[in-house]
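# Fold and geometry: a report
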Amino acid sequence: MARRFFTEANLEEMASTVGVMQPLMYTLRGPMPQAFLVIRTSSVSVGAPTAADPNVVVRTVTLTPLSWNPYTMAVTVSLEDEKVVCGLCAGTECVLGLPSRDLLRQLTICEQWLPKGISEVELARLKIYKSLYVGVPSIGECPVNFECIVDHLEEYHGHLVAFVRVVGASINDELIFLQRDEIVSRYPTNQADRVLCEDGTVRPRVSLLSDLMACPTFPVAPKQGWYATFDIWMRDLASEGYLNSDEHGQVARWSARWEEVFADTGAPERAQLRDKLTHLIRLIANRQWVQLHAFLENVR
Amino acid sequence: MGRLFYSADELLRRPVFPGMHDPTQLYFHFRPARPANLLVTRDPISDELNLSAGTYGLLSEKPYTICLHIAKHSYDSARNIQALGSPCVVALPGRDIVQETWFASLPIPRGIFEGDIGELTLLPSRVIDVPGIAECPVNLECCVEFVKDWHTHYVVFTKVVGASIDEKMAVSDRLDVIRCFPVYEVDDQTNEFGGAIERLGVNGELLACPFFPVGPRDGGRVGSSAWIDDLKEAGYLGTGAATTLSDWLKMWERLLQAGKTDESLRRRITRALELAAWEQWHDLHDHVTREHSCG
C-alpha cells in the first residue's frame, strides 16, 4: 500500500491559502462536528430575547468533546475574531446550537465576520427563544441547544480555546423518537471542506453521517462493555462457560504474574508471558474457542 | 413543535420519555457523534507500544493542531502522554477496521499491545519514534504541547509534526473519502447484560452550502466591505447602491470607534446585508434606494 508523507512544513504550506486549504489537508483532518456558538457581548439583558438584540452574536464553530461528567466541550475561535473573543470570558454564558441539514445558508452567514452590532441572528433570520438555564438565547431552528458556562479559556497558536460546561439543554420534541440512523442524517452537520471554485469563490461543504456499524460485544468484551477490567472480562467468560474453572484459574495466574514481572523488561519469562497473553486475548477476540481451549491445554 | 428542557444533572441520569423503551434513546440526542481515532503511544517504563481508541477535535489548521480527551481510566494512554513533548500518533480508522478499532478499547493488561490483538501492521513514522497503523488511511505524527487535568479526563493539545496518507485516499473524491474514514463514535446500544455495545458511523452525504453571493467570495473572514465590493463586481449591486452601502458601513465603523451607536443606521445596514444574504436583489435595491433618499 503506497503512502504519501508530509513534513510539518508541507502541512503549513497546504494550509496557507486564506479561507481555503488544499484538498489534501481536509482529507488529513476529517469532517468536524459543527455548532452555532451564541454569546451575548453585553451583560445587560434586554428581557425576552429578540432577534434584533445587537448584543447577541452567533458564530459557526466546530465542537470538541472534553468530558461527560460534568459534560464539557471545547470550541475554538481565531483570536482575530474580535467580535466573538470579546464576548468569551471565564464565567460567561453561551449556547451551542447543533445545526441540521436545513440550516446550510445560516451556517454560511454565521461564518462571516460582520461588524460589531450587526446581528447574525437577523441576517440569518434565526428564530431565538429564551433559554432556561442561561441568559443567552437558544436557536429555534436547531434540533438541540446546549446551555453552557465558560469554565476555562486557553490561548493556543493564535486561537482561543473555550472550555464550556453544559448546565442544561433543550430538544425539539418532534425528534425524540427518531431512530439513530435518521437522527445522524439530519444533525449535526460536519464541516467537511472548502472548495476553491474556478471563478475564485470559496464554497463550504458539510457532511452528514449515514451508515452505523455495531462494534462487537460480549464475549469479545466484558459484559458491561469496555468500562470493565480484564479480570472482570475473564470472570464473565468463565461465568458463561467460555472458560472452565481450570482455564480461568490459569488465566488469572498469568495476569497476576504479568503484573509482578512487568517492570523487569529484560526477563525471558516476561517475554514468554507477554506472548501467551497476547495469543490468549487474540483467540478470544476472534471467538476461536476450540483453539483457545487447545492453547490453554498445551501451555499448561 | 415544543421544546423539552433538561438540566445537566437530568442529562447525566439518561432521561427516558414515557413510551421510550431504550434507555439510551434520548440521551444520545445530546451526545453528537464525534470523529474517532486510534492513539499510539509508548510506555515510558517498558518502551512498549499502546494503542487506544478515542475521539479528537480540531483546534487550528495552521499550524495543524488537534485536541484529544483521554479518560483517566484509560490508564495507559493517560500515563504515556503526560509529559510535554511526548510523541504520539493519531491514526484515523476507516470503516473496514471497525472490529480492530474496537479491540483497541478492550481492557487488556498494560504492556500487551492492542494492535497485536487485531493483527494490525505498524507503519514507521518519519518524524517521531512512535509508529502509526498501516491499516489506517491517515496517520498524524504528533507532539504533546499542552495537558490539563479536566474532571474525568485529561485534555491534551497536540501539534501535528508529520503525516502520511494512503495514496489511494490522497487521490479519491471527497465523498468517497468521507464514506471510508474517519469513523465516528455515535452511540451505545444495550446488550443482553445491560452493558454497552458501541456503534460507529461514517459520513454518507456531502452537501454544498450556499456561498457567494450569500457571503464574500473568499469566505467569511474578509469583512462586509469586501463582500459589498464582490457583489458590485459581480453585478448584484449597482455602483450607486454599493457606494451607499459602503458609506453606511464606514459611518457605522466610525461610530463604533467613537463609542457611539445609531439604531436607525444599524437597522439599515442589517436589513441590507440580510437581503443580500438571502439573495433578494430587487428588495435590496428598493431598500437602499429608499433609505438613501430618506437621508
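Everything here concerns the structure above.
Quick caveat, the model's predicted, so the values are computed rather than measured.

A few words now on the interface of chain B and chain A. Of the residues lining the interface, 151 residues belong to chain B; the matching set on chain A comes to 151 residues. Inspection of the region where chain B meets chain A yields 75 residue pairs in polar contact (both at pLDDT 80 or more). Sorting elements by how many residues they give to the side of chain B that touches chain A places strand β11 (residues 196–208) of chain B first, with 13 residues. In terms of residue class, the side of chain B that touches chain A is built from 82 nonpolar, 36 polar and 33 charged. Of the strand pairs in this sheet, strand β9 (residues 159–172) of chain A and strand β1 (residues 3–7) of chain B are connected by five bridges, and their pairing is antiparallel. Looking at the pairing, A169 of chain A lines up with Y6 of chain B of β1 of chain B.

Residues and elements named next belong to chain A. End to end, helix α8 (residues 245–261) covers 24 Å across 17 residues, agreeing with the expected 24 Å (1.5 Å per residue, within 8%). Buried within α8 we find E247, Q250, V251, W254, S255, W258 and V261. What you see down the axis of α8 is that its buried residues fit within an arc of 140°, all on one side. Every exposed residue of α8 that faces more than 90 degrees away from the buried side is listed here: S245, R253, E259 and E260. Structurally, α8 contributes buried residues whose contacts are with α7 (230–239), α9 (268–285) and α10 (289–298). If you check the start of α8, you find a side-chain oxygen 3.0 Å away from the backbone N of D246, and it comes from N244.

Summarising the element assignment, N145 of chain A is placed in strand β8 (residues 144–156). A polar contact is formed between the side chain of N145 of chain A and the side chain of Y129 of chain A, at a distance of 3.2 Å. Ignoring any residue separated from it by four or fewer positions in sequence, one finds N145 of chain A in contact with V95, L96, G97, Y129, S138, I139, G168, A169 and S170 of chain A together with R3 of chain B.

Below, the discussion takes up α9 of chain A. For α9 of chain A, with 18 residues, the first-to-last C-alpha span of 26 Å sits near the 26 Å given by 1.5 Å per residue. If you check which residues of α9 of chain A are buried, you get R270, L273, R274, L277, T278, L280, I281, L283, I284 and A285 of chain A. Structurally, α9 of chain A contributes buried residues whose contacts are with α7, α8 and α10 of chain A together with α3 (98–103) and α4 (114–117) of chain B. Just downstream of α9 of chain A, R287 of chain A is the residue with a positive phi angle, here 55°.

This paragraph deals with the layout of surface pockets. Of the volumes computed, that of the second largest pocket is approximately 950 Å³. Lining the second largest pocket are 35 residues, with S78, H159 and R194 of chain A together with E61 and R221 of chain B positioned closest to its centre. For the lining of the second largest pocket, the elements supplying multiple residues, two or more each, are α2 (23–29), β3 (56–68), β4 (71–78) and β10 (190–196) of chain A together with β3 (49–60) of chain B. Considering every element that reaches the lining of the second largest pocket, the biggest residue donor is β3 of chain A, with four residues. Looking at the lining of the second largest pocket residue by residue, the classes come out as 11 nonpolar, 14 polar and 10 charged.

Residues and elements named next belong to chain A. Checked against the element boundaries, K276 lands in helix α9. In this structure the C-alpha to C-alpha distance between K276 and V251, which are 25 residues apart in sequence, comes to 9.7 Å. Excluding its chain neighbours within four sequence positions, the residues that come into contact with K276 are W254, F295 and V299.

Parameters and conventions
Residues numbered from 1 in each chain as written. Chains lettered and ligands numbered in written order. Predicted model: local features only at pLDDT ≥ 70, side-chain atom pairs only at ≥ 80, totals over all residues. Heavy atoms only, no water. Contact = heavy atoms within 4.5 Å. Polar contact = N/O pair within 3.5 Å; in protein donor to acceptor, adjacent residues only side chain to side chain. Helix = DSSP H or I, 4+ residues; strand = E, 2+ residues; numbered from the N terminus. Nonpolar A, V, L, I, M, F, W, Y, C, P; charged D, E, K, R; others polar. Pairing = 2+ DSSP bridges. Expected span 1.5 Å × (residues − 1). Buried < 20%, exposed > 50% of the residue type's maximum accessible area, 1.4 Å probe, protein only. Arc of directions from axis to C-beta. 1 Å grid on protein atoms, 1.4 Å probe; cavity = no way out; pocket = protein on both sides within 12 Å on 5 of 7 lines; lining within 4 Å. Points joined across faces, edges and corners; volume = space filled by probe spheres on them.

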